Amino acid sequence: MRRLHIVLGVLAAMVAQSWGSPSMKAEVIAPGVWRLRLGAPERLTPLKYRSAPPMVDASGTVPVVSDLPIDLDHVLFARSPRGCTVEFPMAESEKFYGLGLSTKTFELSGRKAWSVASDRPEETTNESHAPEPFFVSSRGYGVYLDTARYAAVIFGRAPVQKSHGKTVVADIPAAQGVDVYVFAGPTALLAVQRYNLFSGGGPVPPLWGLGVAYRGALSSSAAEILALADTFRREDIPCDIFGVEPGWQTQTYSSSFVWNRTKFPDPEGFIAKMHAKNFRMSFWEQPFTHPTSPIYEQLRPHAGSDLVWGGLVPDFATKEGREIFVRQQNDSLFSKGVDSMKIDEVDNQPFKPDPWSFPDYSRFPSGLDGEQMHSLFGTLAQQALLEPFRQKNQRTWGLVRESGALAASLPYTVYSDSYDHLSFIRGMAKIGFGGHLWTPEVRDATSIEDLVRRLQTVIFSPYAVVNCWYMKMPPWKQIRADKSNAGVAMPEADRTTAITRDLFRLRMSLVPYLYSAFNVYRQSGLPVVRALVLDYPRDAAVTSIDDQFMFGPSMMVAPMVEGQAKRSVYFPAGEWFDFFTGESIHGGRRVDIAKSLDQMPLYVKADCLLPLAEPVGHIDKSTVFKLKIRVYGKKPANFALYEDDGETFDFERGAQDRLTLSWSETGGHMLRAGHLGLKRYDIVGWDVVGG
Ligand code: GAL
């Protein structure tokens, strides 16, 4: 560990009021993680509200590193009445990734990028649904700035003197200091893994969470939802989660959290009936609390200074604010059997003169101001609404429109109102640069081709959701919202339903594979979905590829969008196999791929085992996955399947078996570690694809 020397530069002479002590140390926080305490950091930062204690790598795959990966001699800290800056050295042609889930930006060198919560992730200035002041470098390290301020990072500030190189400058308003955490690699992927472990490791979904989710129209009544649910089962459309949008409440925008008894005369009975049809229930809510809500008066002293949509903004950073809010959700929802939540509108409209959210100058009883609360609000809301599930020892799998720093462990996926398919795909490629999950949700479509291509993307999301909140019919019956609401099916409905069924069945066949990838995420911080640049850091051809991504350990997805007769797919070096045809492709090059609507560019790496389940229509406690193991290549690596009850948190206390699949000349084998013996997986065969 080296000493931190503060370099006094020209900038310092101009703006600095005071400087960090020259004797300041980079403190080792965890293996391969250092903290630089610069100046006087603020008291209320994301770390104070971290969602889970740090995890230690339980996979044995994150190497021990003892050298700090950045040169402290060239780290510069300065503060002024406006805030503080940290300047890092930057190597020639160094590349940067991360800093949230903007769907417009990818590689960040040459940009000024903000870490700001917004409901518009399609701005080149980088604001997003997931403000996360963490970035990784192509040189194999990561940096996390522990601040809830609207930090901006300039990736490549021109040198003050010609003899110096470009720098990376983090510009943090208001704060008089910041804790900077540095994560060692030696690759960017390992730096991400260390950051995710530091955040508490990835979440393990309930098994049913990996099925397909459908959200019904906002105007639907209980009777209409029950009828639609029946058509799913009748038509053999796999579906595990049914989402109820704002219409369940008497008042929304802001919210009463009181059932609309005209549409839902018997909430408990309705949920029980949906459960009996094997749907898990997800309910929409938005935390802003309307004056007609039973908790309004109680919540008032524990809410922000400004109203939103005429409602209170609960201060989830206070115990009272959380408890009052959660008690109401228990009464209205959780005690009635609700399985998960969609937490809406916890982001912001930062650059609108009249945003529907609270202003940055709001004050909260916890001491947070509006700016800080915007960086934390979604994370704190998720934490509050996870608590009842933890108490019931029941896993949940929700949606949220904002999630912040150090939130990897939270079982929520970020979604957006925006709807550009390519941007949605870029969102998928980006989630591996930090600790978030993303869904490119499907709604209406401009053509059947558009619908099918979108479905082909969303089935590779951690949360495969069709969000028909403004459509009465599923889009495979009618792609246009107006006609859907008029009850008119399209002539191609049967054919489109058949294509959709096949795609959802493909998703269901991947559930054990995906479940395994999530367990690896939890144990080692390895993101389930990753850009190619993370898996192939030495391949210069992948640094900007934002329209393909790795899905789990060995699959590569290259979605197509409407209007593409073919697309160019990059195959990193090595051998690849077409998932559908088994055709082998030699990598290290680009190939033009044409795929008709019933297929998509989906590939598997050589030398791996891919467990594929016979698709089921839904997942419950008694589900047994019948597995065919595909064997790709001559020397397939082992594959670990995780077997547990799929529903509770008992796996955290060791109630989980690990089944290792292996392949040799004598055939396939499965070795069990653990004693639960649940028999969730039944291996029905091994298919050699290439070898
Ligand atoms: C939006 C949300 C949509 C849907 C809608 C319902 O704010 O992003 O997904 O839930 O509200 O009114």
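A short tour of the structure in this document, coming up. For every chain, the first residue of the written sequence is number 1, and numbering continues from 1 along that sequence. Local features in this predicted model are restricted to residues whose pLDDT is 70 or higher, and side-chain atom pairs enter the listing and the counts only when it is 80 or higher, whereas totals over whole chains, interfaces and linings include all residues. Side-chain numbers come from the whole structure's heavy atoms, not from hydrogens or water.

## Re the overall build of the protein chain
- Each helix is a run of H or I in the DSSP string that is no shorter than four residues. Each strand is a run of E no shorter than two, and both are numbered from the N terminus. Per the secondary structure count, the protein chain includes 13 helices and 32 strands.
- For the protein chain, whose C-alpha radius of gyration is 25 Å, the value lies close to the compact-globule estimate of 26 Å for 691 residues.
- Along the first, second and third principal axes, the C-alpha set of the protein chain runs to 75 × 70 × 50 Å.
- Buried residues are those whose accessible area, probed at 1.4 Å on protein chains only, stays under 20% of the maximum for their type, while exposed residues exceed 50% and partly exposed ones sit between those limits. In the protein chain, buried positions account for 62% of the 691 residues.
- If you take every contact in the protein chain between residues at least 6 apart in sequence, the share linking residues at least 24 apart comes to 70%.
- Only the protein chains shown count as cover for residues, and the accessible areas themselves come from Shrake-Rupley with a 1.4 Å probe. Accessible area of the protein chain: about 24500 Å², with a carbon and sulfur share of 52%.
- For the protein chain, the distance from the average site of its 74 positive side-chain charges to the average site of its 76 negative ones is 2 Å. Only C-alpha atoms enter the radius of gyration, while the globule expectation follows 2.2 Å times N to the 0.38, with N the number of residues. Any pair of residues with heavy atoms lying within 4.5 Å of one another is described as a contacting pair. Counting rule for charge: Lys and Arg are taken as positive, Asp and Glu as negative, and neither His nor the chain ends is counted. One atom stands in for each charge, and that atom is NZ of Lys, CZ of Arg, CG of Asp or CD of Glu.

## Some points on the nonpolar core
- What makes a nonpolar core is a set of buried Ala, Val, Leu, Ile, Met, Phe, Trp, Tyr and Cys residues whose side-chain atoms join them at distances within 4.5 Å. Counting residues in each nonpolar core, the largest one holds 182 residues, and the members touching the most others are F270, F283 and F460.
- Among the elements that line this core, the one with the most residues is helix α7 (residues 370-391), at 9 residues.
- Sequence-distant contacts of F283, defined by excluding residues within four places in its chain, comprise R215, V244, W248, W259, F270, I271, L333, V338, S340, M341 and K342.
- In this structure, L68, Y141, A170 and V180 belong to the second largest nonpolar core, which totals 32 residues.

## Here we look at the packing of helix α9 (residues 448-458) against helix α11 (residues 493-509)
- Between N-to-C directions, angles cover 0 to 180 degrees, with each direction set by a line fitted to C-alpha atoms, over the stretch in contact for helices. Remark: α9 packs on α11, axes separated minimally by 10 Å, with the N-to-C direction vectors making an angle of 10°. Considering their axes alone, α9 and α11 lie roughly parallel with respect to each other. Residue-level contacts link I448, L451, V452, L455, Q456 and V458 of α9 to T496, I499, T500, L503, F504 and R507 of α11.
- As a working rule, the residues Ala, Val, Leu, Ile, Met, Phe, Trp, Tyr, Cys and Pro are called nonpolar, Asp, Glu, Lys and Arg charged, and the rest polar, with Gly in that last group. Residues that form the contact of α9 with α11 fall into these classes: 8 nonpolar, 3 polar and 1 charged. Under this scheme an angle from 65 to 115 degrees is roughly perpendicular, one under 35 degrees roughly parallel, and one over 145 degrees roughly antiparallel; angles in between are oblique.

## So, the sheet that holds strand β28 (residues 625-632)
- By the convention used here, strands pair only if DSSP detects at least 2 bridges between them. Pairing is mixed across the open sheet formed by 3 strands, whose spatial order is β27-β28-β32. In this open sheet, the two edge strands, each paired with only one partner strand, are β27 (608-613) and β32 (681-690). Here the strands of the sheet are splayed against their neighbours by 25° on average, with no regard to which way each runs.
- Here β28 runs beside β32; their pairing, made up of 8 bridges, is parallel. When the bridges of β32 are listed, I629 appears paired with W686.

## A few points about the site of the ligand
- Working definition: residue near molecule or strand if any one of its non-hydrogen atoms lies within 4 Å of it. Taken together, L218, E245, P246, Y253, W284, K342, D344, R401, Y415, D417, N467 and W469 make up all the residues around the ligand.
- Interatomic distance of 2.4 Å between a side-chain N/O atom of E245 and an oxygen atom of the ligand.
- Measuring from an oxygen atom of the ligand, one finds a side-chain N or O atom of D417 at 2.5 Å.
- About the coverage of the ligand: the protein hides 95% of its 320 Å² of free accessible area. Nitrogen and oxygen atoms within 3.5 Å of one another constitute a polar contact, given that in protein one can donate a hydrogen and the other can accept it, and given that sequence-neighbouring residues count only through two side-chain atoms.

## Considering the pairing of strand β14 (residues 280-285)
- In terms of residue burial, β14 counts as a mostly covered element, since 6 of its 6 residues are buried.
- Here β14 shows no split at all, with R280, S282 and W284 on one side and M281, F283 and E285 on the other all buried.
- Bridge analysis of strand β13 (residues 241-244) against β14 gives 4 bridges, and the strand direction is parallel. The residue of β14 that forms the bridge with I241 is R280.
- Chirality of the crossover, the property in question, places the unit of β13, helix α4 (residues 267-276) and β14 among those that are right-handed.
- One ladder, built from 4 bridges, connects β14 with strand β15 (residues 340-343); its direction is parallel. Residue pairing for β15: E285 is matched across the bridge by I343. Here a crossover is taken to be right-handed if, once the strands point away from the viewer, the path from the first strand over the helix to the second is traced clockwise.

## Quick look at the pairing of β27
- Burial analysis of β27 places 6 of its 6 residues in the buried class, the great majority of the element.
- Residues of β27 alternate between two faces, with C608, L610 and L612 on one and L609, P611 and A613 on the opposite face, all of them buried.
- When β27 meets β28, the two strands line up antiparallel, connected through 6 bridges. Each residue of the ladder has a partner; that of L610, found in β28, is R630.

## A short note on the sheet that holds strand β24 (residues 584-586)
- Pairing is antiparallel across the open sheet formed by 6 strands, whose spatial order is β19-β20-β21-β26-β23-β24. Strands at the two margins of the open sheet, each flanked by one partner only, are β19 (529-530) and β24.

## A word on helix α3 (residues 222-234)
- Compared with an ideal rise of 1.5 Å per residue, which puts 13 residues at 18 Å, α3 spans 18 Å between its outermost C-alpha atoms and is within 8% of the ideal.
- Among the residues of α3, A222, I225, L226, L228, A229, T231 and F232 are the ones counted as buried.
- Positive backbone phi, approximately 60°, marks D236, located one or two places after α3. What a helix is expected to span follows from its residue count: subtract one and scale by 1.5 Å.

## Description of the packing of helix α6 (residues 319-332) against α7
- The N-to-C vectors of α6 and α7 enclose an angle of 55°; their axes lie 10 Å apart at closest approach. Classified by the angle between their axes, α6 and α7 sit oblique to one another. Between α6 and α7 lies a crossing of right-handed hand. Contact residues: α6 offers R322, F325, V326, Q329 and N330, while α7 offers A384, L385 and P388. Each crossing gets its handedness from the near helix: less than a right angle anticlockwise from the far helix is left-handed, clockwise is right-handed.

## Concerning the environment of S118
- Take S118: it is sitting in the loop between β6 (112-114) and β7 (134-137).
- With 228 residues separating them along the chain, S118 and V346 place their C-alpha atoms 9.2 Å apart.
- If we ignore the near neighbours within four places in the chain, the residues touching S118 are E127, S128, H129, D347, N348 and P350.

In short, the description is geometric, and any link to function would need to be established separately.
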